[in-house]
Amino acid sequence: TILLFSCVDHHHQDQLRKGVKNEGNDRRTTERFMVVMGVIMVVVYLSGDDPSGGILLRFGFNGETEMADADYYYSFKDCDFFNGSWVYDNKSRPLYKGRQCSFMTDDYACEKYGRQDFEYQYWRWQPHACHLPRFNGTALLEKLRDKRVVFVGDSVGKNHWVSLLCLIDSWILEPSHKVAEWHGSLITFRASEYNVSIDFYWEPLLVESNCDDPVNHRVHDRIMKIESIEKHAKQWINADMLIFDSYSWWLDPNMTLLVSITIKRYKVTLKGLYYRWGSFENPNKTIVESSRVKRYEMALKTWSDWLDTHLDRKKTRIVFTSLSPDHKEGGDWGKTMGENCYNETQPIMEEGYWGKGSDTDLMRTAES
């Protein structure tokens with residue numbers, strides 16, 4: 001099931017700081033986190049200490065998942081987490097409150113900047129064929145003991161990372177036992193009592209680009225080294241679990257690719273074939289004109305080749321979250337096409353709904 005929710009981006013946060021209400025987008029921040037965090041936490045909880053299954057790939061969206069006792073492991077065995085619906089639950093929700101979270105950042109701090117409607121916190125994902133136990137932060141931390149989890153991607157992935165830290169924050173009572181540190185594009189959270197590291201690494205296009213600065217990445221012309229990933233990948237090569245997201249930054253219609261002669265291995269039809277490296281500052285017209293899907297395919301090829309070559313399949317598990325639906329179009333809620341989503345506070349309940357602005361071809365490319 002894919003439902004349409006959103007993430008508060010920097011533009012929406014600027015509006016909030018200026019006192020402009022955008023209730024539809026604020027609400028869907030937490031809801032979309034629920035959708036995607038489910039697949040992450042299911043894999044974490046069920047992976048255990050026996051990673052013999054090798055690299056695990058998950059595409060698309062999933063439901064919210066909660067941790068409980070070991071006896072509940074086997075109830076998940078045949079459950080289709082992708083197939084379900086949203087249920088309003090004001091008894092067991094919310095699982096955390098933003099203002100009480102030690103690790104909430106301004107990017108996602110809706111209440112701090114004037115949000116007054118908190119009904120969005122009470123929605124719970126319910127698979128059709130099974131029931132999910134209530135979240136238990138201690139069980140999750142024990143499952144992750146002595147492990148490193150890394151979220152790699154853009155603000156969507158950062159949103160998920162922040163929300164996961166907020167979920168476990170209240171389960172670690174001693175403040176000195178939970179610390180987050182910034183190291184350029186890498187933010188590291190450590191729960192010292194469990195020797196757990198849960199990190200976020202800013203890498204919106206997977207490959208090297210001029211958008212890689214974790215703060216100053218809003219550039220007019222996006223330029224990528226479509227075959228270069230090592231600079232980033234060496235930062236998370238030793239992870240036990242890698243959670244990738246890369247979709248929304250690919251929607252820009254104009255992107256410059258810096259390529260080498262080895263680009264031929266992608267077996268795609270390209271125009272403007274200049275097979276030499278340039279630099280981000282001076283591309284020297286080393287431009288490959290290609291469709292959005294082909295660019296995405298090339299980057300995923302670089303990414304997957306690196307994973308196949310460098311990762312220990314018996315150690316590292318992978319989650320790939322490939323699509324974050326466009327959430328700006330009021331027409332998704334029955335308004336006139338072209339209107340924005342102001343004052344829309346309910347999730348779209350239609351199962352299988354992708355959103356009018358979503359590029360499903362990118363999704364299919366990732367899935368293939």
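In the block above lies the structure referred to throughout.
Before going into details, it helps to say that this report is about the structure given with it. Note that this is a predicted model, so its numbers are computed, not measured.

**Details of the side chain of Asp252**
Move 1: Of note, Asp252 is situated in the loop between strand 9 (241-245) and strand 10 (255-258).
Move 2: Using a relative accessible area of 18% as the deciding quantity, one classes Asp252 as buried.

**Considering helix 6 (residues 292-310)**
Move 1: In this model helix 6 runs 27 Å from its N-terminal to its C-terminal C-alpha over 19 residues, within 8% of the 27 Å that 1.5 Å per residue would give.
Move 2: All of the buried residues along helix 6 are Arg295, Tyr296, Met298, Ala299, Leu300, Thr302, Trp303, Trp306 and Leu307.
Move 3: Those residues of helix 6 that are buried lie in contact with strand 8 (222-225), helix 5 (230-233), strand 9, strand 10, strand 11 (317-321) and helix 7 (360-367).

**A closer look at the sheet that holds strand 4 (residues 178-183)**
Move 1: Sheet architecture is open: six strands sit in the order 4-5-6-3-9-11, paired in mixed fashion. A strand with exactly one partner marks an edge of an open sheet, and here the two such strands are strand 4 and strand 11. This sheet shows a mean twist of 15° between the axes of neighbouring strands, independent of strand direction.
Move 2: Here strand 3 (residues 148-153) runs beside strand 6 (residues 196-202); their pairing, made up of six bridges, is parallel. Of the residues in strand 6, the one forming a bridge with Val150 is Asp199.
Move 3: The sheet strands contacting helix 6 are strand 9 and strand 11, and the helix crosses strand 11 at an angle near 170°.

**What to know about the sheet that holds strand 8**
Move 1: Ordered by their spatial adjacency, three strands build an open sheet running 7-8-10, and the pairing between neighbours is mixed. Looking at the sheet topology across the chains shown, the edges are occupied by strand 7 (208-209) and strand 10.
Move 2: Bridge analysis of strand 8 against strand 10 gives four bridges, and the strand direction is parallel. Bridging across to strand 10, Lys225 finds its partner in Leu258.

**Overview of unusual backbone geometry**
Move 1: Pro94 follows Arg93 through a cis peptide bond whose omega is 5°.
Move 2: Looking at the secondary structure, you find Pro94 in the loop between strand 1 (84-88) and strand 2 (123-127).
Move 3: Its identity as a non-glycine residue notwithstanding, Leu206 has a phi of 70°, on the positive side.
Move 4: Looking at the secondary structure, you find Leu206 in the loop between strand 6 and strand 7.
Move 5: Judged by relative accessible area, Leu206 falls into the buried class, the value being 1%.

**Some points on empty space enclosed by the protein**
Move 1: Across all of its chains, the model carries three cavities of 30 Å³ or more by this definition.
Move 2: In this structure, the second largest cavity spans a volume of roughly 40 Å³.
Move 3: Lining of the second largest cavity is provided by 10 residues; of these, Val156, Asp245, Thr321, Leu323 and Ser324 occupy positions nearest its centre.
Move 4: Its residues assigned to classes, the lining of the second largest cavity comprises three nonpolar, five polar and two charged.

**Brief notes about the state of the cysteines**
Covalent bonding between the sulfur atoms of two cysteines is what defines a disulfide.
Move 1: Tallied over the full model, the rule gives two disulfides.
Move 2: Bridging Cys101 to Cys166, the disulfide has an S-S length of 2.1 Å. Because the sign of the S-S torsion sets the handedness, a value of about -90° for the bond joining Cys101 and Cys166 places this disulfide among the left-handed ones. In this pair, Cys101 is assigned in the loop between strand 1 and strand 2 and Cys166 in helix 4 (residues 155-169), connecting sequence segments 65 residues apart.

**Concerning the pattern of salt bridges**
Move 1: Tallied over the entire structure, the rule returns 14 salt bridges.
Move 2: Asp117 serves as the salt-bridge partner of Arg115, at 3.3 Å between the closest nitrogen and oxygen. Pair check on accessibility: Arg115 and Asp117 agree, each one buried.
Move 3: Linking Lys301 and Asp305 is a salt bridge whose minimum nitrogen-to-oxygen distance equals 3.0 Å. Of this pair, Lys301 and Asp305 both sit in helix 6, four residues apart, which is roughly one turn of that helix.
Move 4: Residue Lys301 is classed as partly exposed on the basis of its relative accessible area of 30%.

Calculation notes
- Residues numbered from 1 in each chain as written.
- Predicted model: local features only at pLDDT ≥ 70, side-chain atom pairs only at ≥ 80, totals over all residues.
- Heavy atoms only, no water.
- Helix = DSSP H or I, 4+ residues; strand = E, 2+ residues; numbered from the N terminus.
- Buried < 20%, exposed > 50% of the residue type's maximum accessible area, 1.4 Å probe, protein only.
- Expected span 1.5 Å × (residues − 1).
- Contact = heavy atoms within 4.5 Å.
- Pairing = 2+ DSSP bridges.
- Axes fitted to C-alpha atoms, helices over the stretch in contact; angles between N-to-C directions.
- 1 Å grid on protein atoms, 1.4 Å probe; cavity = no way out; pocket = protein on both sides within 12 Å on 5 of 7 lines; lining within 4 Å.
- Points joined across faces, edges and corners; volume = space filled by probe spheres on them.
- Nonpolar A, V, L, I, M, F, W, Y, C, P; charged D, E, K, R; others polar.
- Disulfide = S-S within 2.5 Å.
- Salt bridge = Lys/Arg side-chain N within 4 Å of Asp/Glu carboxyl O.

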